[in-house]
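# Summary of the model geometry
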Amino acid sequence: LSSSGGVSFFHQFLFSSWALSEGNTIRYQTSEEDAPGTVIGNLAKDMSLSLSHSSKTNFRMMKQFNDSFIRVRENDGELTVGERIDRERICRHTLQCLITFDVVNFSKDRYKLIHVEVEIKDINDNSPEFPNKESIVEISENAAVGSRIPLDPAADADVGSNYIQSYQISVNSHFTIDVLLRADGVKYAELVLMKELDRETQSSYTVELVATDGGNPYRSGSTKITIKVTDFNDNSPVFDQNSFSVSLPEDAPVGTVILDLNAVDADEGLNGEVVYGFGKQVSHEIRELFQVDNKSGRLTLRSPVDFEDKSTYELDVQATDLGPNPTPSVCKIIIHVTDVNDNAPEISITPMTSITTGIAYISEAADKDSLVALISTLDRDSGVNSQVHCTLYGHDHFKLRQAYEDSYMIVTAAALDRERISEYNLTVMAEDFGSPPLRKITQYTIRLSDENDNAPHFAKAVYEVSVVENNAPGAYITTVEASDADLGNNGKITYRLVDSVIMGSPVNTFVSLNSVSGSIYALRSFNFEVMKHLDVHIQASDGGSPQLQSTAVIRLKIVDQNDNQPSIIEPPLYKGSAEVFLPRDAPAGYVVTQIKATDADEGINAQLSFKITEGGHMGFSINKDTGKVHVSRQLTYDITDNVKVTVSVTDNGSPPLSSTAIIHFNFIEGTLPSLPSMSEDGTEEPFEWDMSIAIIIVLAGSCSLLLLAIILITTICSRRKKDTREGEFDEKEDTPNVEKVESGHIDSLIANHKGKAFEAHPFPEKPPLAGSTTSETGCEDGRQTAGIFESNNRGYSTLPGYGKETVRPITIWKGNSFTTISARDPHISGKDSGKGDSDFNDSDSDISGDVHKKESPPTNMLFSTGLWACTSECKVLGHSDRCWSPSATRPNTSLASGPHLSTFSKTASLPRDTRRENYYPAHLPKTNGLQSVYEKVQHQEFDYILVGPPTPARIQETDEISIPEYTNS
């Protein structure tokens, strides 16, 4: 293509890969001398090719050696004559004149290489022409009939039928012509003597020789020949041979001896001396190439010959003696020029796309096997010497593929990337098969055209930039820069802000961005206390098609400045001052109040320190870190005095900011709850209550109070019902054996017991509410009253449930009082309700009135055990004279594996302990006072051991009484 616009337009076809389709050869004919623009043919129609109507370029002529004679129209492949074609100039004597070239046809995603041959037909545009318009020949009068004299041939540049077809001679009485064909294809005529000559009768003859071609209309040329008849010469020189045929290599040097001619004349003297020379009809061309020595007859090479120009020469050498009226002898010599590999191959490279001569362009997006350029070779030698082989060196991304005998294609062999390799310098070597071979080496450059295959690239995905708050609007923040490896518009980057909303406002109200430079500017003054950081998304786009983008995040960190002074929040200030009350006699170290302040800044700008700026000598000091104000010495102020102290709170910023407050101290009589004293090192931090902790404490306290109230109400109700039922029980039974036991023994027993069944715990400072209720009933009421039993989740031995056997009255200790109930033998029932704590429905807690309706056991049955006694504790707690001592079970194999249930009332029941199954029986030491009782109880299979003092002891004070608490290890 001649214009750069055409190149640019054609360049679009290289954006996609083109798969090679098998090529075809098509031949056309055109006549020489046709006017430019003459239509030769149409490739699309003649080869039935489908055309792409969306593109203006479907055919592309790959320029070669004779590229100006024929033109190809790109849209439909029409072939026309480019300029006047002179066949005689481009093909000379060659019978067939061909102009060959290659055309690429683009079809969808394939390309087809078409080999076109245009034969240039000869027209009869040249007439035969003799070298001389007039010529003279001599013949001896004694020449025999049939003697021949070669005549100069006419020349005709045309070929074929347009070449010379015949010679004619004008009518005469003695001569005729014979038309002959030389070895090089030239037609010539020889003059033939038909009748003896007589010089005395006629000494000369004039004839006209006419040469006529076969054109239509024919053309002819003529020459005038004068024939002179010479005197008789008895002897003429004679050659060894009348004709010779020799071979001459085309690379023969000048001066090479071609042939040594020898002619002999039988005469003597001058008549026998022979000289040599070319015949008159020998052309000037031959005389330039060859020469003959006139004395020796040696034929030598005068100028180099070229097989490619002409391969055969035919010439006549004459031998003449020096006598009068010589008659020359003619020797015909045919010289065959043999081909030598003396021509190196020629290389012509035609790129698919080219802007600069000698450089091919291809898109970096081209796929494998994409056509880059076409290589045409030409070797002017013949035969094997003209066969050429091409090789490509330089890079394995490209390779050669043979298209035709003398044509090769450079195609891509791998994927290309301009950003990695933008230019390839290749070497094309064409070498023939001669011996020795000749080669031609050509350097060729292939440049990759850019495609928009690289998106803009930021060095980092997130850029962190610090901006000091209180900046001026319009202040420069930073510059972001993206890189794009593509070229031109493909690498031209523009920047923009990605739309987003920050704190309800568009991001472009916070910052602005220069679309070309990528510089970012602040549009407002930032406030660290309002906004700690700001994320700005930047998009970089290139100018390619399609457009590629990438984004980066600019994280603007707002840097805090010390622009907020501390604010005092405690104690509450009114017009910069606050009143604080403190006892007039507050001791040194007494914490009066605590100054609390906040600072909206952060970090070092929010680190606060406290100090007293005025009034520090008045007996008060402040902790610089916590702000606690305490008394520094013993105060001597009156109630009417008012002490004023100025407190300053300063942050640690640069420059530091501070706030002050005036604290008025008012003195009162009495004491106020003081804040926790400050530790000596002044590093104590005040404990701050968390709201969730406070809620949990309140809920836990409420639940505890509710539970305590439920237990209290249940116990009172149960005790009243039990008192009613036990009112019918006989309380006046005698217990003489029990009274023999001294109260000191039971006290020592309880106090000195080291086992795991009992542990002694003192009463709390205040007696339980149940105790007061118990004391109201008193021993005087003659009824047994049950108290509250506090189990502390400890296990107790249990009493089997009630059956239908004789009931035995049993007195037990419950909590802080004694209770008398009825019970059956332990083997009767061990039933548990399975409801956790024993309740009224369990068999072992059945204390309904039915049991009291039955007859009481014999009096001596219980008295015989000697278990009835009344201790000083019973007296104090208001119980009757009969009460239980702490009981303990003895091992019982019959009940070892069963559960031990313990229930003492219907409403106030003990909590069940999961460890009761592993109950460890208590082992009491068998003291002297208890030995007999213990053995009797053990032999009678009693479940409880009843121990009592023999006589009432003194009534102890309430705070002296220790109540045993039953535990289960």
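Residues numbered from 1 in each chain as written. Predicted model: local features only at pLDDT ≥ 70, side-chain atom pairs only at ≥ 80, totals over all residues. Heavy atoms only, no water.

Looking now at the overall build of the protein chain. Per the secondary structure count, the protein chain includes twelve helices and 55 strands. Burial analysis of the protein chain (969 residues in total) assigns 46% to the buried set. Contacts in the protein chain between residues at least 24 apart in sequence constitute 71% of all its contacts with a sequence separation of at least 6. Of the roughly 48,800 Å² that the protein chain leaves accessible, carbon and sulfur atoms contribute 50%. (Helix = DSSP H or I, 4+ residues; strand = E, 2+ residues; numbered from the N terminus. Buried < 20%, exposed > 50% of the residue type's maximum accessible area, 1.4 Å probe, protein only. Contact = heavy atoms within 4.5 Å. Areas by Shrake-Rupley, 256 points an atom, 1.4 Å probe, with all protein chains shown as cover.)

Our focus in this paragraph is the UniProt feature "transmembrane region" (unreviewed entry) in the protein chain. Using the residue numbers shown here, the UniProt feature "transmembrane region" (unreviewed entry) corresponds to residues 693-717. With 100% helix and 0% strand, residues 693-717 has end C-alpha atoms that lie 36 Å from one another. (UniProt positions renumbered as here; feature names shortened; annotations may be inferred.)

A separate point is the sheet that holds strand β26 (residues 371-378). Reading across the sheet, the four strands line up as β24-β26-β29-β28 and stay open at both edges, with antiparallel pairing between neighbours. Only two strands of the sheet have a single partner each, and these edge strands are β24 (346-351) and β28 (398-404). If you compare each strand with its neighbour and ignore which way they point, the axes differ by 25 degrees on average. As judged from the six bridges shared by β28 and strand β29 (residues 407-412), these two strands associate in the antiparallel manner. What sits directly across from Tyr404, in β29, is Ser407. (Pairing = 2+ DSSP bridges. Axes fitted to C-alpha atoms, helices over the stretch in contact; angles between N-to-C directions.)

Working definition: an aromatic ring pair is given by the centre-to-centre distance plus the angle between the planes. Applying the stated criterion across every chain, the model contains nine aromatic pairs. With centroids separated by 5.5 Å and ring planes inclined at 75 degrees, the aromatic side chains of Phe175 and Tyr205 adopt a geometry described as edge-to-face. Of the two residues, Phe175 is situated in strand β11 (residues 175-181) and Tyr205 in strand β13 (residues 204-213); the sequence distance between them amounts to 30 residues. Residues Phe175 and Tyr205 agree in their burial class; the two are buried. A cation over a ring is seen here: Arg524 above Phe510, with NZ or CZ 3.9 Å from the ring centre. It is Lys532 that lies over the ring of Phe528; its NZ or CZ is 4.9 Å from the centre. (Phe/Tyr/Trp six-rings, centres within 6.5 Å; stacked < 30°, edge-to-face > 60°. Lys NZ or Arg CZ within 6 Å of the ring centre and 35° of its normal.)

We now examine the layout of surface pockets. As a volume, the second largest pocket reaches approximately 730 Å³. Forming the walls of the second largest pocket are 36 residues, and the residues nearest its centre are Arg148, Ile149, Pro150, Gln318 and Val330. At the level of elements, β8 (134-140), β9 (148-150), β14 (220-230), β15 (238-239), β22 (312-321) and β23 (329-338) are the ones that each hand at least two residues to the lining of the second largest pocket. Tallying contributions element by element places β8 first for the lining of the second largest pocket, with six residues. Split by domain, the residues of the lining of the second largest pocket number at least three in each of domain 2 (134-230) and domain 3 (238-338). (1 Å grid on protein atoms, 1.4 Å probe; cavity = no way out; pocket = protein on both sides within 12 Å on 5 of 7 lines; lining within 4 Å. Points joined across faces, edges and corners; volume = space filled by probe spheres on them. Domains from an automatic or database assignment.)

What follows is about the side chain of Asn452. Tracing the backbone through its elements, the reader meets Asn452 in the loop between β31 (439-449) and β32 (457-458). Among the polar contacts made by the side chain of Asn452, one reaches the side chain of Asp542 at a distance of 3.3 Å. There is a polar contact of 2.7 Å between the side chain of Asn452 and the backbone oxygen of Pro546. Those residues in contact with Asn452 that lie beyond four places of it in its chain are Asp486, Asn490, Asp542, Gly544, Ser545, Pro546, Gln547 and Leu548. (Polar contact = N/O pair within 3.5 Å; in protein donor to acceptor, adjacent residues only side chain to side chain.)

The strand order across the open sheet built from three strands is β2-β5-β4, with neighbouring strands paired in antiparallel fashion. The sheet is open, and its two edges are formed by β2 (39-42) and β4 (70-72), each paired on a single side. Ignoring which end each strand starts from, the neighbouring axes of this sheet average 20 degrees apart. Two strands pair when backbone bridges link them, and β4 and strand β5 (residues 78-81) are joined in this way by three bridges, in the antiparallel orientation. Paired with Arg71 across the two strands is Thr80, which belongs to β5.

With five of its six residues buried, β24 lies for the most part within the structure. Pairing between β24 and β26: six bridges, direction antiparallel. The residue bridging Glu346 from the neighbouring strand is Leu378, located in β26.

So, on to the environment of Tyr590. The residue Tyr590 is located in the loop between β44 (577-583) and β45 (591-594) in this model. Looking at Tyr590, the relative accessible area reads 10%, which means it is buried. With 39 residues separating them in the primary sequence, Tyr590 and Val629 have C-alpha atoms 8.5 Å apart.

By secondary structure assignment, the location of Asp432 is in strand β30 (residues 423-432). Arg439 provides the closest opposite charge to the buried, unpaired Asp432, separated from it by 8.3 Å. Engagement of the side chain of Asp432 in a polar contact is seen with the backbone nitrogen of Gly434, the distance being 3.2 Å. Setting aside anything within four residues of it in sequence, one finds Asp432 in contact with Asn341, Asn343, Pro345, Asp379, Asp381, Asn385, Gln387, Val388, Pro437 and Leu438. (Lys, Arg positive; Asp, Glu negative; His and termini not counted. Salt bridge = Lys/Arg side-chain N within 4 Å of Asp/Glu carboxyl O.)

For the rest of this paragraph, the subject is the pattern of salt bridges. Across all of its chains, the model carries 23 salt bridges by this definition. Linking Arg148 and Glu190 is a salt bridge whose minimum nitrogen-to-oxygen distance equals 3.1 Å. Of this pair, Arg148 sits in strand β9 while Glu190 sits in strand β12 (residues 187-193), placing them 42 residues apart in sequence. What makes Glu190 buried here is its relative accessible area of 8%. Two residues, Glu423 and Arg447, come together in a salt bridge whose shortest N-O distance is 2.6 Å. Here Glu423, found in strand β30, pairs with Arg447, found in strand β31; they are 24 residues apart in sequence, far enough to count as distant. We classify Glu423 as partly exposed; its relative accessible area is 34%. Beyond isolated ion pairs, a larger network of salt bridges with shared partners links Arg73, Asp76 and Glu78.

Further remarks concern unusual backbone geometry. For residues besides glycine, phi is generally negative; the peptide bonds are generally trans as well. Residue Asn216 is joined to Pro217 through a cis peptide bond whose omega torsion reads 0 degrees. The omega angle of the peptide bond from Ser545 to Pro546 is 0 degrees, so this bond is cis rather than trans. Position of Pro546 relative to the elements: it lies in the loop between β41 (533-541) and β42 (549-559). You will see that Asn470, though not glycine, has its phi angle at about 65 degrees, which is positive. Mapped onto the secondary structure, Asn470 falls in the loop between β33 (462-468) and β34 (476-479).

The subject of this paragraph is the environment of Asp535. In this fold, Asp535 is placed in strand β41. Sequence-wise, Asp535 and Ser500 are 35 residues apart; in three dimensions their C-alpha atoms are separated by 9.6 Å. Reaching out from Asp535, the side chain makes a polar contact with the side chain of Arg555 at a distance of 2.9 Å.

If you trace the backbone, Gly518 turns up in the loop between β39 (511-513) and β40 (519-522). For the pair Gly518 and Tyr495, spaced 23 residues apart in sequence, the C-alpha separation works out to 6.0 Å. With near-sequence residues (within four places) excluded, Gly518 lies in contact with Thr478, Thr479, Val480, Tyr495 and Leu513.

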